[in-house]
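# Remarks on the overall topology
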Amino acid sequence: MLKKIKIAAAALLIAASASANATVVSFSVDNYGPSFGSFAGADTNANGILAQDELTSFVFDHLVYGHHVTLSTLFGFGDFDLVSNSWLANGSGWGTNGSFFSWNGGANSVDGTWANVSTSIVQLDAQNNVPEPATLALLGIGLAGIVAARRKKVA
């Protein structure tokens, strides 16, 4: 029985090492009047690229034209390279060379053919290990097993 508990504990330690790295990026579109934004996400597949399906938030505002884009209204998003701090204009939108991001079903976009986008990684939280749901489930199962084993021993 002690061997089973040791195996369960080892499995929990391995599972606890799974983590997601949270990143926050601020940006401005330098040649599009006063416009700025930020996005955040976690590189869940650990490939060094933050893709649209890995975003947890997105906001963009253009003060003159009144554009306000959020994660729920975002249509396309170009990949963001976390290693080189560069945003690739490969998102879906109306541009021939792709877009940094688009909204309104792709009818509006900050396009790679004309936009000059500056980015700054505000937070690259590689050291903050966030437990994944599976890790927490394994921890709960392990604790329940330990409690059950102690109850059997006492009775």
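Rules used throughout
Residues numbered from 1 in each chain as written. Predicted model: local features only at pLDDT ≥ 70, side-chain atom pairs only at ≥ 80, totals over all residues. Heavy atoms only, no water. Core = buried A, V, L, I, M, F, W, Y, C linked by side-chain atoms within 4.5 Å. Buried < 20%, exposed > 50% of the residue type's maximum accessible area, 1.4 Å probe, protein only. Helix = DSSP H or I, 4+ residues; strand = E, 2+ residues; numbered from the N terminus. Contact = heavy atoms within 4.5 Å. Pairing = 2+ DSSP bridges. Axes fitted to C-alpha atoms, helices over the stretch in contact; angles between N-to-C directions. pLDDT = per-residue confidence, 0-100.

### Remarks on the nonpolar core
Within the largest apolar cluster, 21 residues are counted, with the highest numbers of intra-cluster contacts made by Phe39, Phe58, Phe60, Trp87, Phe101 and Val110. When residues of this core are traced back to their parent elements, those giving at least two are strand S1 (22-29), strand S4 (55-62), strand S6 (74-77) and strand S9 (99-103). Beyond its immediate stretch of four places on either side in the chain, Phe58 contacts Phe27, Ser38, Phe39, Val69, Thr70, Leu71, Leu74, Phe77, Trp87 and Phe101.

### Brief notes about the sheet that holds S6
Strand order in this open sheet of three strands is S6-S9-S10, and the pairing throughout is antiparallel. Each having just a single partner strand, S6 and strand S10 (108-111) make up the two edges of the open sheet. Adjacent strand axes in the sheet meet at a mean angle of 10° when their direction is disregarded. Where S9 and S10 come together, four bridges link them in antiparallel fashion. Residue pairing in the sheet places Phe101 in a bridge with Val110 of S10.

### Let's talk about the confidence of the model for the protein chain
Of the residues in the protein chain, 71% have a pLDDT of 70 or more, and the chain-wide mean is 79. Mean pLDDT across the elements of the protein chain ranges from a minimum in helix H1 (residues 2-16), with 40, to a maximum in S4, with 95. The model gives residues 1-19 a pLDDT under 50, and that stretch makes 15 contacts with residues more than four places away or in other chains.

### Concerning unusual backbone geometry
Phi at Ala46 is positive, roughly 55°, even though this residue is not glycine. Positionally, Ala46 belongs in the loop between strand S2 (35-42) and strand S3 (49-50). Here Asn104, not a glycine, exhibits a phi torsion of approximately 60°, which is positive. Within the secondary structure, Asn104 sits in the loop between S9 and S10.

### So, the sheet that holds S3
Pairing is antiparallel in the open sheet, where three strands are placed in the order S3-S7-S8. Every other strand in the sheet has two partners, leaving S3 and strand S8 (86-87) as the edge strands with one partner each. With two bridges joining them, strand S7 (residues 80-81) and S8 adopt antiparallel strand pairing. The residue of S8 that forms the bridge with Phe80 is Trp87.

### Here's the deal with the pairing of S9
Of all five residues in S9, five are buried; the element is thus mostly enclosed. The sheet contact formed by S6 and S9 spans three bridges and is antiparallel. Counted as the bridge partner of Phe77 is Phe101 from S9. Counting the residues that bridge the hairpin from S9 to S10 gives four residues, and of these Asn104 lies at a positive phi of roughly 60°.

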